[in-house]
Amino acid sequence: MLRVVILGAAAGGGVPQWNCGCPVCRMARTEHPELQSTQASIAVSADGNHWFLINASPDLRQQLIATPQLHPRAGQLRHSPIAGVILTNGEIDAVIGLLSMREGSPFTIYAHAKVLSILRDNSIFNVLNEKNVQRRPIDIDQAFEPTLPDGSPSGIEILPFEVPGKSAWYLEGKAHPGGNDGAGDTLGLRISDKATGKYCYFLAACARVTDDLKSRLAGASAVFFDGTVWRDDELIVAGLGNKTGQGMGHIAMSGESGAIAALAGLDIGSKMFLHINNSNPVLLRDSAERETAERSGWQIPADGTEITL
Ligand SMILES: [Zn+2]
């Protein structure tokens, strides 16, 4: 049985975002604290005792406090059930939480060579001493089984694959320390329970749904999918920014080529949006957009939601 906990469902900045006065952020600060959400990450476990984080968000410390499954075992002075962190990209909202895991507990970081090169290029990550924190490269289309701290198998198989996306925004227009060939910048993950064969997909960033991606996703027990914006020009129309969803490497939820339409009719158990930006009206429970998403079979999960496959 694979257990999945949604540690955070929001996009970069979270809800509310520190400098944002949009309607969703204002409501989240005042009469609707239930709208608050931390930056996107999930935790997965096959045995319920050892967990792997998919990305380490800047909100990781807060997420760990809020998640009993990830607390140190009772009676131990130093312990963490977190056996590893799998990184899907090198964005700030995927890697900064690693700096909150610096107190000497052993775990392993799994990431594409491109992302490992970003960690290597930024010396602050050396706070994670390689004696305790191994860094293992993962390859596109090469399934691997992350291991527990004692080297035994976790019972989880992870298949990273290339997704249409973008390089980390802070590297835009700059030389990438891992090379500028575009490969490995944005990964999707298929996460399988080796005992049952059931699997889910994690795609917190995806610029468009290709036929290849559709055929991958069909048959999954759950899909956690890029829900950054409702419509492509949402930030511009709201006066919040000058970038489109596509310009940031994110597909819109709505529209003819949006995620809801693209994944309609596929045989998928649970469809959940993740990485939802605070500008996205789907966050408001009484909005027409929320109704459309839910009527189309999508869930807008709250932080802390656990599902089992
Ligand atoms: Zn906002």
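Residues numbered from 1 in each chain as written. Predicted model: local features only at pLDDT ≥ 70, side-chain atom pairs only at ≥ 80, totals over all residues. Heavy atoms only, no water.

Engineer: Before we go on, may I ask you to explain the layout of surface pockets in this structure?
Structural biologist: A volume near 500 Å³ is recorded for the second largest pocket. Around the second largest pocket, the lining comprises 17 residues; the ones closest to its centre are L64, H79, S80, S100 and E103. Residue contributions to the lining of the second largest pocket peak at 3 residues, all from helix α2 (residues 60-65). Among the residues forming the lining of the second largest pocket, the class breakdown is 8 nonpolar, 5 polar and 4 charged. (1 Å grid on protein atoms, 1.4 Å probe; cavity = no way out; pocket = protein on both sides within 12 Å on 5 of 7 lines; lining within 4 Å. Points joined across faces, edges and corners; volume = space filled by probe spheres on them. Helix = DSSP H or I, 4+ residues; strand = E, 2+ residues; numbered from the N terminus. Nonpolar A, V, L, I, M, F, W, Y, C, P; charged D, E, K, R; others polar.)

Engineer: Could you clarify how one ought to interpret the sheet that holds strand β7 (residues 156-162) in this entry?
Structural biologist: Within a sheet, neighbouring strands are paired by backbone hydrogen bonds and run either parallel or antiparallel to one another. An order of β7-β8-β9-β10-β11-β12 is seen for the 6 strands of this open sheet, with the pairing classed as mixed. Two strands close off the open sheet at either side, each with one partner strand: β7 and β12 (298-299). (Pairing = 2+ DSSP bridges.)

Engineer: I'm lost on the pairing of strand β5 (residues 107-112) in this one. Help?
Structural biologist: Regular strands place their side chains on alternate faces of the sheet. Judged by how many residues are buried, β5 sits mostly within the fold: 6 of 6 residues are covered. Residue alternation in β5 divides its side chains into two sets, F107, I109 and A111 and T108, Y110 and H112, and both sets are buried. Looking at chain direction, strand β4 (residues 82-86) and β5 are connected through 3 bridges and run parallel. Its bridge partner lying in β5, I86 is registered against Y110. Inspection of the sheet shows β5 paired to strand β6 (residues 133-138) by 6 bridges, in the parallel sense. (Buried < 20%, exposed > 50% of the residue type's maximum accessible area, 1.4 Å probe, protein only.)

Engineer: Sorry, what's going on with the coordination of the zinc ion here?
Structural biologist: Tetrahedral coordination by four donors sets the ideal angle at the metal to 109.5 degrees; octahedral coordination by six donors sets it to 90 or 180 degrees. Here the zinc ion is held by C20 (SG), C22 (SG), C25 (SG) and N278 (OD1), and the distances to it run 2.2 to 2.3 Å. Around the zinc ion sit 4 donor atoms, and with donor-metal-donor angles ranging over 104 to 116° the site reads as tetrahedral. Between consecutive donors of the zinc ion, the numbers of intervening residues give the motif C-x1-C-x2-C-x252-N. With C20 in the loop between β1 (3-8) and α1 (23-29) and N278 in the loop between β11 (270-274) and α8 (288-295), this pair connects stretches of sequence that are 258 residues apart. Overall, the relative accessible area of 9% leaves C20 in the buried class. (Donors = N, O, S within 2.8 Å, 3.2 Å for Na, K, Ca; no water. Tetrahedral: all angles 85-135°; square planar, octahedral: opposite > 155°, others 65-115°.)

Engineer: Even after reading the chapter, I still don't get the nonpolar core, so can you show me in this structure?
Structural biologist: Nonpolar side chains tend to gather and get buried jointly when the protein is soluble and globular. Counting 35 residues, the largest nonpolar core has L203, L213, L217, F225, L263 and F273 as its most contacted members. At the level of secondary structure, the elements contributing two or more residues to this core comprise α1, β9 (199-203), α5 (211-217), β10 (222-226) and α7 (259-263). The leading source of residues in this core is α7, at 4 residues. When near neighbours in sequence (up to four residues on either side) are disregarded, F273 contacts F225, D226, G227, M253, A259, I260, W298, Q299, I300 and P301. Listed in part, the 28 residues of the second largest apolar core include I42, F144, F202 and F224. (Core = buried A, V, L, I, M, F, W, Y, C linked by side-chain atoms within 4.5 Å. Contact = heavy atoms within 4.5 Å.)

Engineer: Before we go on, may I ask you to explain the side chain of T67 in this structure?
Structural biologist: By secondary structure assignment, the location of T67 is in the loop between α2 and β4. The residues contacting T67, other than those within four sequence positions of it, are V5 and L7.

Read these as layout, nothing more, since geometry by itself doesn't imply function.
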